[in-house]
Amino acid sequence: MVRVAVALVNLLTPGEDRGRGYQPPEADERTAAVGAVLRASGGREATWEEAAELCFVAAELRGVFEAVSAGAIDDAAAQVNALLIRTGARPELERHDGQSWHLHFHAASKSLPDGWAAGCATGLAVVLGGDLHDRLGVCTAPRCDRVYVDISRNGTRRYCSTSCQNRVKTAAFRARLT
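Residues numbered from 1 in each chain as written. Predicted model: local features only at pLDDT ≥ 70, side-chain atom pairs only at ≥ 80, totals over all residues. Heavy atoms only, no water.

Undergrad: What should I look at first to understand a nonpolar patch on the surface in this one?
TA: Taken together, L93, W101 and L103 make up a surface patch of nonpolar side chains, about 360 Å² in accessible area. Along the polypeptide, L103 turns up in strand β4 (residues 102-106). (Patch = residues over 30% accessible without salt bridge, like charges linked within 9 Å, V, L, I, M, F, W, Y side chains within 5 Å. Areas by Shrake-Rupley, 256 points an atom, 1.4 Å probe, with all protein chains shown as cover. Salt bridge = Lys/Arg side-chain N within 4 Å of Asp/Glu carboxyl O. Helix = DSSP H or I, 4+ residues; strand = E, 2+ residues; numbered from the N terminus.)

Given below as structure tokens:
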């Protein structure tokens, strides 16, 4: 669910991406893009209205990543708690698609945006409640504010992508030549 949170934040929030301004897709393009993210995580297609509502969820989730990146873990935890309360996140064991029983978190309502918000908030709560909160971050490359979750062994990731890492290294190399 943390990967879904990352995908939704990076898809649906404006800002900068790899040195360029970024505006989220709109209308049918947004619906298709959100549908692709949800399908990749075992979810169903989103309607136009649900995709639009997920923009607000993504903005809330971005606040958590930004707080962690700024070292404000208490603020991040408060934001996650607010999401958990708002959605009424509740655990439920489910079995589907030939899989064994596994844990899902659902919202009190049957709304798709609230369901994904509950799941993402729960995933972030697990990360924040453990020793891995420093694995959440916002890209440190200039002109990029995309978020990431660091799943590397040593936990030293600072960039959202290899592109940003290469941009920073190339700029440093060129600066040393002058």
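Now that the structure has been shown, we can carry on.
Undergrad: Mind showing me how you'd approach the packing of aromatic side chains here?
TA: The geometry of two aromatic rings is summed up by the distance between their centres and the angle between their planes. Applying the stated criterion across every chain, the model contains 0 aromatic pairs. A cation sits over an aromatic face here: R30 above W48, 5.5 Å from the ring centre. (Phe/Tyr/Trp six-rings, centres within 6.5 Å; stacked < 30°, edge-to-face > 60°. Lys NZ or Arg CZ within 6 Å of the ring centre and 35° of its normal.)

Undergrad: Hey, could you run me through helix α5 (residues 112-129) in this one?
TA: Think of an α-helix as turning once every 3.6 residues; residues three or four places apart then point the same way. Spanning 18 residues, α5 covers 25 Å between terminal C-alpha atoms, matching the ideal 26 Å at 1.5 Å per step. The buried fraction of α5 amounts to 15 of the 18 residues, a majority that puts the element mostly inside the structure. Regarding α5, its N-cap is S111, as a side-chain oxygen of that residue lies 3.1 Å from the backbone nitrogen of D114 further along. (Expected span 1.5 Å × (residues − 1). Buried < 20%, exposed > 50% of the residue type's maximum accessible area, 1.4 Å probe, protein only. Polar contact = N/O pair within 3.5 Å; in protein donor to acceptor, adjacent residues only side chain to side chain.)

Undergrad: When you look at the nonpolar core in this model, what are you seeing that I'm missing?
TA: Among soluble globular proteins, nonpolar side chains are generally buried collectively. Core analysis: the biggest nonpolar cluster contains 38 residues, and L12, V34, L54, L61, F65, L124 and L136 have the highest contact counts within it. Looking at this core, the elements that each hand over two or more residues are α1 (2-12), α2 (27-40), α3 (48-69), α4 (73-87), α5, β5 (136-138) and β6 (147-149). Among the elements that make up this core, the one with the highest residue count is α3 (10 residues). Look past the residues within four positions of F65 in its chain and what remains in contact with it is A5, V6, V9, L124, L136, G137, V138, V147 and Y148. Counting residues in hydrophobic clusters, the runner-up holds 6 residues, among them C139, A141, C144 and C164. (Core = buried A, V, L, I, M, F, W, Y, C linked by side-chain atoms within 4.5 Å. Contact = heavy atoms within 4.5 Å.)

Undergrad: Would you mind going over the environment of T13 with me for this structure?
TA: Following the sequence through the fold, T13 ends up in the loop between α1 and β1 (15-17). Among the residues examined, T13 registers a relative accessible area of 4% and is labelled buried. With 22 residues separating them in the primary sequence, T13 and G35 have C-alpha atoms 16 Å apart. If near-sequence neighbours (up to four positions away) are discounted, T13 is found in contact with L8, Y22, P24, A58, A59, R62 and R146. Within the structure, the side chain of T13 is placed 2.5 Å from the backbone oxygen of V9, a separation counted as a polar contact.

Undergrad: How should I be thinking about the pattern of salt bridges in this particular structure?
TA: Pairs can form between side chains of opposite charge whenever their charged atoms are close. In this structure the tally under the stated criterion is 10 salt bridges. Linking E16 and R143 is a salt bridge whose minimum nitrogen-to-oxygen distance equals 3.0 Å. A residue pair is termed long-range when its members are at least 10 positions apart, and E16 in strand β1 and R143 in the loop between β5 and β6 qualify at 127 residues. E50 is the salt-bridge partner of R44, the closest N and O atoms lying 2.8 Å from each other. On the accessibility criterion, R44 (45% relative accessible area) is partly exposed. Since its relative accessible area comes to 12%, E50 is described here as buried. By sharing partners, the salt bridges in this structure join R62, E66, D145 and R146 into a single network.

Undergrad: Sorry, what's going on with the packing of α1 against α5 here?
TA: Between two packed helices, both the angle of their axes relative to each other and the distance between the axes serve to describe the pair. Between α1 and α5, the least distance of the axes is 8 Å, while the angle of their chain directions is 115 degrees. Between α1 and α5 lies a crossing of left-handed hand. Between α1 and α5, the residues in contact are V2, V4 and A5 and W116, C120, G123, L124 and V127, respectively. Across the contact of α1 with α5, the residue classes tally to 7 nonpolar, 1 polar and no charged. (Axes fitted to C-alpha atoms, helices over the stretch in contact; angles between N-to-C directions. Left-handed = near helix turned anticlockwise from the far one by under 90°. Nonpolar A, V, L, I, M, F, W, Y, C, P; charged D, E, K, R; others polar.)

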